[in-house]
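# Summary of the model geometry
Residues per chain are reported as follows:
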Amino acid sequence: MILVTGGAGFIGANFVLTWLARNDERLLNLDNLTYAGNMENLAAVMGMDRHVFVRGDIGDTNLVSDLLERYRPRAVVNFAAESHVDRSILGPADFIQTNVVGTFRLLEAVRAYWKGLGDGEMGAFRFLHVSTDEVFGSLEPEDPPFTESSRVMPNSPYSASKASSDHLVRAYHHTYGLPVLTTHCSNNYGPFHFPEKLIPLVIHNALAGKALPIYGDGRQVRDWLYVEDHCSALRRVLAAGCPGESYNVGGCNEKTNLEVVKALCGILDELAPRADGRSYGEQITYVRDRPGHDRRYAIDASKLMNELGWAPAETFESGIRKTVVWYLENQKWVGNVTDGGYRQWMERHYGT
Ligand code: NAD
Ligand code: DAU
């Protein structure tokens with residue numbers, strides 16, 4: 001069995017669904033269902049014997065220790081986190097609590113469990129920590145993409161909390177020998193993406209006839225990866241990664257935010273045209289920039305590609321089209337997650 005934390009969120013749920021579809025191993029899913037966690041994401045596997053869901057906090061040491069002793073996983077994949085940069089700017093406390101303190105407590109429980117394993121099991125055990133390219137800070141236009149040895153220079157409370165958790169994970173390997181793996185991935189997109197993040201927000205607002213908010217000049221660059229490609233990279237790192245190493249994950253898809261929004265508008269114009277025949281692009285609206293907004297992220301994933309033989313299956317063009325189609329076909333899912341709490345966030349963050 002493997003233990004997945006945060007498996008009801010965007011990437012975690014995609015990982016759980018693809019994991020259970022691909023092999024016979026059981027999966028224990030620990031998630032405390034914050035606003036970002038959604039049992040609907042897991043509807044396809046909820047009746048399955050091989051999927052055990054437990055609602056709980058990675059920082060609850062007693063619970064995590066009990067689960068480890070009871071289910072005896074061979075690996076932990078840690079997705080659980082507060083993940084939205086804008087929310088971290090308005091309220092950093094939850095980010096420190098889950099991403100730093102929670103990861104620390106999870107590591108402590110895992111270390112105690114791991115020390116009690118037999119020799120063979122100890123050596124084969126893995127703790128895979130899912131981190132982000134944002135820990136490396138912001139690139140200038142001419143800079144080469146981030147490598148695994150780029151300097152850690154986080155700029156937001158979110159990225160600082162993720163960098164802190166990365167340091168703890170690294171230290172547990174160096175000091176205690178815990179067989180850890182860390183991945184740093186670029187921006188993901190695809191099914192089950194919560195509509196506070198750029199791509200699902202734009203699709204949702206476009207169809208609702210609302211403004212498509214572009215921060216600042218819209219020329220910030222992100223390096224986009226289809227979520228299932230991130231999941232395949234994590235499976236590969238878990239299977240073949242070298243303990244103590246970190247791996248960058250990305251698909252060489254650098255785009256400005258304006259390019260992404262215009263691509264979405266173009267696909268929507270084709271697949272779900274506006275009643276008045278005009279383009280969704282007319283809904284683009286420039287709004288106040290994000291404080292401390294990182295200008296550019298780009299990932300060099302050659303270590304993962306060359307050493308572990310991973311490659312993404314989707315181009316940006318194929319992945320973004322699949323994503324729009326998924327949202328058009330899953331409007332009920334969107335309706336259910338954009339409830340009262342979501343509306344309060346939108347009003348607080350964007351005003352009227
Ligand atoms: P998400 O916000 O959609 O999901 C996070 C999940 O963790 C939710 O289900 C939530 O309920 C759960 N959770 C939060 N706090 C918890 C706690 N204390 N105990 C147990 N569960 C808890 O996030 P995501 O976009 O799926 O990101 C998953 C991971 O991948 C995060 O660690 C994030 O930093 C990292 N990451 C995300 C991206 C991206 O583009 N979304 C890119 C690179 C790395
Ligand atoms: O790089 C990986 C990171 O990608 C992950 O670690 C984070 O968990 C994930 O949330 C994501 O962070 P970003 O801040 O890059 O994602 P977001 O979708 O919030 O924003 C993408 C870009 O779009 C960013 O430059 C800000 C901009 N943006 C975002 C929103 C919500 C807008 O211009 N308007 C918006 O309304």
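To be clear, the structure that these remarks concern was listed above.
## Focus: the overall build of the chain
Helix and strand counts for the chain stand at 13 helices and 13 strands. On C-alpha atoms alone, the chain measures out to a radius of gyration of 20 Å, which is about the 20 Å that the 2.2 N^0.38 rule sets for 352 residues. Expressed as lengths along the three principal axes of its C-alpha atoms, the size of the chain is roughly 65 × 45 × 40 Å. When contacts within the chain are restricted to residue pairs at least 6 apart in sequence, long-range pairs at least 24 apart make up 81% of them. Surface exposure of the chain reaches about 14,900 Å², of which carbon and sulfur atoms provide 50%. Distance between charge centroids for the chain: 2 Å, based on 35 positive and 43 negative side chains.

## So, the site of ligand 2
Taken together, 22 residues lie around ligand 2, and Asp 133, Tyr 158, Asn 187, Arg 290 and Tyr 350 are the ones closest in. Between Lys 197 and ligand 2, the recorded distance is 3.1 Å, taken from a side-chain N or O atom to an oxygen atom. Within the contact set of ligand 2, an oxygen atom lies 2.7 Å away from a side-chain nitrogen or oxygen of His 293. Against a free-state accessible area of 690 Å², the protein chains account for coverage of 95% of ligand 2. Looking at which element gives the most residues to the shell around ligand 2, the answer is strand S8 (residues 212-215), with 3 residues. Considered class by class, the residues forming the shell around ligand 2 number 9 nonpolar, 7 polar and 6 charged.

## As for the packing of helix H7 (residues 198-207) against helix H9 (residues 257-271)
Their axes nearest at 10 Å, the elements H7 and H9 cross at an angle of 40 degrees. Put simply, H7 runs oblique to H9. Note on packing geometry: the crossing formed by H7 with H9 is right-handed. When H7 is examined against H9, the residues Leu 198, Ile 199, Val 202, Ile 203, Ala 206 and Leu 207 are found in contact with a partner set consisting of Asn 257, Val 260, Val 261, Leu 264 and Leu 268. Taken together, the residues of the contact of H7 with H9 sort by class into 10 nonpolar, 1 polar and no charged.

## Quick look at the packing of aromatic side chains
Applying the stated rule across the entire model yields 17 aromatic pairs. On the basis of an interplanar angle of 75 degrees and a centroid distance of 5.4 Å, the ring pair of Tyr 35 and Phe 194 is categorised as edge-to-face. Taken together, the residues Tyr 35 in the loop between strand S2 (27-31) and strand S3 (51-55) and Phe 194 in the loop between strand S7 (188-189) and H7 connect sequence positions 159 residues apart. Overall, Tyr 35 belongs to the partly exposed group, its relative accessible area being 30%. Take Phe 194: its relative accessible area is 10%, and that puts it in the buried class. A ring pair is formed by Phe 95 and Tyr 158, whose centres lie 6.3 Å apart and whose planes are at 80 degrees; its orientation type is edge-to-face. Note that Phe 95 is positioned in helix H4 (residues 93-115) and Tyr 158 in helix H6 (residues 157-176), a separation of 63 residues in sequence. Take Tyr 158: its relative accessible area is 8%, and that puts it in the buried class. Feature note: the residues Tyr 189, Trp 224, Tyr 226 and Phe 316 constitute an aromatic cluster, connected by ring pairs. Note that Arg 87 overlies the ring of Trp 345, its terminal NZ or CZ placed 4.6 Å from the centroid.

## Side note on H6
End to end, H6 covers 28 Å across 20 residues, agreeing with the expected 28 Å (1.5 Å per residue, within 8%). Buried within H6 we find Tyr 158, Ser 159, Ser 161, Lys 162, Ala 163, Ser 165, Asp 166, Val 169 and Tyr 172. Those residues of H6 hidden inside the fold are in contact with helix H3 (85-90), H4, strand S5 (126-132) and strand S6 (180-185). Where H6 ends, the next residue or the one after it, Gly 177, has phi of about 85 degrees, a positive value.

## Things to note about the site of ligand 1
For ligand 1, the set of nearby residues contains 28 residues, the closest of which are Ile 11, Asp 31, Ser 83, Tyr 158 and Lys 162. Measuring from an oxygen atom of ligand 1, one finds a backbone N or O atom of Gly 9 at 2.9 Å. Relative to its free-state accessible area of 830 Å², ligand 1 is covered by the protein chains to the extent of 96%. Counting residues per element, the ones that place at least two in the shell around ligand 1 are helix H1 (10-22), S5 and H6. The element contributing the most residues to the shell around ligand 1 is S5, with 3 residues. Taken together, the residues that form the shell around ligand 1 break down as 12 nonpolar, 13 polar and 3 charged.

## Quick look at the nonpolar core
Of all hydrophobic cores here, the largest spans 77 residues; its most connected members are Ile 2, Val 4, Phe 15, Val 77, Phe 79, Ile 199 and Leu 264. It is H1 that contributes the most residues to this core, 8 residues altogether. In contact with Val 4, other than residues within four places in its own chain, are Phe 15, Val 16, Leu 27, Leu 28, Asn 29, Leu 30, Val 77 and Phe 79. By size, the runner-up hydrophobic cluster in this structure holds 26 residues, among which are Leu 67, Val 169, Leu 178 and Val 180.

## A closer look at the pattern of salt bridges
One pass over the full model with this rule turns up 13 salt bridges. In this structure, the salt-bridge partner of Arg 321 is Glu 270, at a minimum N-O distance of 2.9 Å. Taken together, the residues span a long stretch of sequence, with Arg 321 in helix H11 (residues 316-329) and Glu 270 in helix H9 at a distance of 51 residues. Residue Arg 321 is classed as partly exposed on the basis of its relative accessible area, which comes to 34%.

The rules behind each value
Residues numbered from 1 in each chain as written. Chains lettered and ligands numbered in written order. Predicted model: local features only at pLDDT ≥ 70, side-chain atom pairs only at ≥ 80, totals over all residues. Heavy atoms only, no water. Helix = DSSP H or I, 4+ residues; strand = E, 2+ residues; numbered from the N terminus. Rg over C-alpha atoms; globule rule 2.2 N^0.38 Å. Contact = heavy atoms within 4.5 Å. Areas by Shrake-Rupley, 256 points an atom, 1.4 Å probe, with all protein chains shown as cover. Lys, Arg positive; Asp, Glu negative; His and termini not counted. Charge placed at Lys NZ, Arg CZ, Asp CG, Glu CD. Near = heavy atom within 4 Å. Polar contact = N/O pair within 3.5 Å; in protein donor to acceptor, adjacent residues only side chain to side chain. Nonpolar A, V, L, I, M, F, W, Y, C, P; charged D, E, K, R; others polar. Axes fitted to C-alpha atoms, helices over the stretch in contact; angles between N-to-C directions. Parallel < 35°, antiparallel > 145°, perpendicular 65-115°, else oblique. Left-handed = near helix turned anticlockwise from the far one by under 90°. Phe/Tyr/Trp six-rings, centres within 6.5 Å; stacked < 30°, edge-to-face > 60°. Buried < 20%, exposed > 50% of the residue type's maximum accessible area, 1.4 Å probe, protein only. Lys NZ or Arg CZ within 6 Å of the ring centre and 35° of its normal. Expected span 1.5 Å × (residues − 1). Core = buried A, V, L, I, M, F, W, Y, C linked by side-chain atoms within 4.5 Å. Salt bridge = Lys/Arg side-chain N within 4 Å of Asp/Glu carboxyl O.

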